[in-house]
Amino acid sequence: MRILSLILCLVLLLSAAGCADSGSTGEDWQYKTDCPVLFGTIQEVTEGYYMQSGHMLYFIDRHSRELFPLCSRVGCLHDQEPDFRTMLECSAYFPFSSSADCFTVYNGHIYASIAADGPSQEVLQVDPDGQNRRVLYRFTGGEWIHTLLAHRGTLYLLMTCYDENADRRDRICTLDLGSPAQTPAVLCSIDVGLSIQAMRAYGRYLYLHCYDDSLSYSSARYLRVDTVTGDVLTLPLPEEGWYPGFMTFFGDRLLFSALQDDDAEDRTLCRLFSCALDGSDVRELYRDHGFFVSDGDYIYWIRYFLPTIYDYPNGVGDLALIVLDMEGREVDRVPLDSRFTEYPFYETVAMPGEQFIFGYRGPGETESERMHMLYTFPKSEIGSGAITPEFLCGVPLR
């Protein structure tokens, strides 16, 4: 009964949210609507968070911190169902077409890309309770959906296929969410052999992080796509020997990390840069081991090191979450002690609303017992020097 009541509440709240304006139509970045999640696994709504784990979609209640599979079917065993054919009937089951960035919550609906029969892929529009799946479009012929992104009334689909010469070809297609009964339009095609790793949105532009087929750091580059004209611009690299990594935005500037190639002496060192949206006026803000995310208020640097992977027996420095301002100055930090370092790789990071969420793969004797261990703290504590992360919940790894 508790789950049914929560699901009904979700339907009412997200249906109301769907009537609101979806974001600015100017050039600025609205991080809560334009690109709300940076690691593709958590989406926020009023009452809590949706989270993807494997092929299951869960809901985390903000107040009780309880975790529910997104299904209200009586008697359903959800992620504990031993019969795969029966699991297909669970509304929380989504055979996502990729491991990340394949679902989003936008204007009162969930949008997801899933694998269908054979080589087919489907783009779904789903009610917030997981019911009433509507197929917006079905792709056939061997293309697969790498990433989808809802941005100012349009669903952008990053499509990948291989031609008769086994060369990779990526293209970006669009669906108008105001009139979704249509064939997706092709916005642009990407050069043969380039592999797009991430897609972000700002104003009228899409920003793409891509590599060539070698997937080496030295082949990395950023492309900017004009969503009106389809023109593609290659942004300049930060400096020789350093190659662009993860990217997002802060105010009216692009934030990005830069790494050295695999043969560098310290290949785990990461530098943080900002630049104008056309790639000019590059400034270095910070350097350390780890990675960053940003919510438009702060930059969050997750300082970690994996000595077992990189053969550094003592690691480098202490594990920490470091909060930076727009100029790269440290505002606060959270030491990550043994509670957070049993498996020291932070793969779940989100900044929805007033809370910061981070997580790691927790320990377990078997793969089925391992969990995403999620922790959270209110952003109002930033600057106090006394940030205290609290356990949010554990999400089964699937």
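Residues numbered from 1 in each chain as written. Predicted model: local features only at pLDDT ≥ 70, side-chain atom pairs only at ≥ 80, totals over all residues. Heavy atoms only, no water.

Student: What is the right way to read the confidence of the model for the chain from this model?
Tutor: Fine structural detail should not be taken from predicted coordinates in areas where pLDDT scores are low. Summarising the model, the chain shows a mean pLDDT of 76, and 74% of its residues fall at 70 or more. Segment residues 306-316: pLDDT under 50, and 15 contacts once partners within four positions in sequence are set aside and those in other chains are kept. Confidence drops under pLDDT 50 across residues 340-346; counting only partners more than four residues distant or on other chains, this segment forms 29 contacts. (pLDDT = per-residue confidence, 0-100. Contact = heavy atoms within 4.5 Å.)

Student: Looking at this structure, how should I read the packing of aromatic side chains?
Tutor: Think of a pair of aromatic rings as described by two things: how far the centres are apart, and how the planes are tilted against each other in angle. For the structure shown, the criterion picks out 12 aromatic pairs. Taken together, a centroid distance of 5.0 Å and an interplanar angle of 55° make the contact between tyrosine 202 and phenylalanine 249 tilted. Here the residue tyrosine 202 occupies a position in strand E13 (residues 195-202), and phenylalanine 249 occupies one in strand E17 (residues 243-250), the gap between them amounting to 47 residues. Taking relative accessible area as the criterion, phenylalanine 249 reaches 0% and is therefore assigned buried. Centre to centre, the rings of phenylalanine 256 and phenylalanine 273 are 5.5 Å apart; their planes meet at 15°, and the pair counts as stacked. Of the two residues, phenylalanine 256 is situated in strand E18 (residues 253-259) and phenylalanine 273 in strand E19 (residues 269-276); the sequence distance between them amounts to 17 residues. We classify phenylalanine 256 as buried; its relative accessible area is 3%. Its relative accessible area of 2% is what places phenylalanine 273 among the buried residues. (Phe/Tyr/Trp six-rings, centres within 6.5 Å; stacked < 30°, edge-to-face > 60°. Helix = DSSP H or I, 4+ residues; strand = E, 2+ residues; numbered from the N terminus. Buried < 20%, exposed > 50% of the residue type's maximum accessible area, 1.4 Å probe, protein only.)

Student: Explain the environment of cysteine 393 here, please?
Tutor: On the secondary structure map, cysteine 393 appears in strand E28 (residues 390-396). Put simply, cysteine 393 and arginine 65 are 328 residues apart on the chain and 6.4 Å apart in space, counted from C-alpha to C-alpha. Not counting residues within four places of it along the chain, the set of residues in contact with cysteine 393 comprises Ile60, Arg65, His372, Met373 and Leu374.

Student: What is the right way to look at the sheet that holds strand E10 (residues 154-162) in this model?
Tutor: Either a parallel or an antiparallel arrangement is found when strands of a sheet pair, and the pairing is made through backbone hydrogen bonds. Spatially, 4 strands are ordered E9-E10-E11-E12 in an open sheet, and the strand pairing comes out antiparallel. Pairing within the sheet leaves two strands with one partner each, and these edge strands are strand E9 (144-151) and strand E12 (185-189). The mean angle between the axes of side-by-side strands here comes to 25°, regardless of whether they run parallel or antiparallel. (Pairing = 2+ DSSP bridges. Axes fitted to C-alpha atoms, helices over the stretch in contact; angles between N-to-C directions.)

Student: Got a minute to help me understand the pairing of E18 in this structure?
Tutor: In terms of burial, E18 is a largely internal element, 7 of the 7 residues being buried. Alternating positions in E18 separate into two faces, Arg253, Leu255, Ser257 and Leu259 on one and Leu254, Phe256 and Ala258 on the other, with burial throughout. Taking the residues that link successive antiparallel strands as the turn, the E17-E18 hairpin has 2 residues, and the phi of glycine 251 there is positive, at about 60°. Here 7 bridges tie E18 to E19, and the two strands are oriented antiparallel to one another. By the bridge assignment for E19, leucine 255 is matched with serine 274.

Student: Teacher, can you tell me more about the nonpolar core here?
Tutor: Most often, soluble globular proteins have nonpolar side chains that are buried together. Formed by 32 residues in total, the largest nonpolar core has its most connected members in Tyr50, Ile60, Phe94, Phe103, Ile110 and Leu374. For this core, the elements supplying multiple residues, two or more each, are strand E1 (42-45), strand E2 (48-53), strand E3 (56-61), strand E5 (103-106), strand E6 (109-115), strand E7 (121-126) and E28. Examining the composition of this core, we find that 5 residues originate from one element, E3, more than from any other. Apart from the residues within four sequence positions on either side, isoleucine 110 is in contact with Tyr50, Leu57, Leu70, Phe103, Thr104, Val105, Leu124, Gln125, Val126, Asp127 and Pro128. By size, the runner-up hydrophobic cluster in this structure holds 31 residues, among which are Ile299, Trp301, Tyr360 and Ile387. (Core = buried A, V, L, I, M, F, W, Y, C linked by side-chain atoms within 4.5 Å.)

Student: Mind showing me how you'd approach the pairing of strand E11 (residues 168-176) here?
Tutor: Side-chain direction in a regular strand flips from residue to residue, so the side chains alternate between the two faces of the sheet. Alignment of E10 against E11, held across 9 bridges, turns out to be antiparallel. Residue pairing for E11: leucine 157 is matched across the bridge by cysteine 173. Strand direction decides the pairing type here: E11 and E12, joined by 4 bridges, are antiparallel. Opposite threonine 174, over in E12, you have alanine 185 as the bridge partner.

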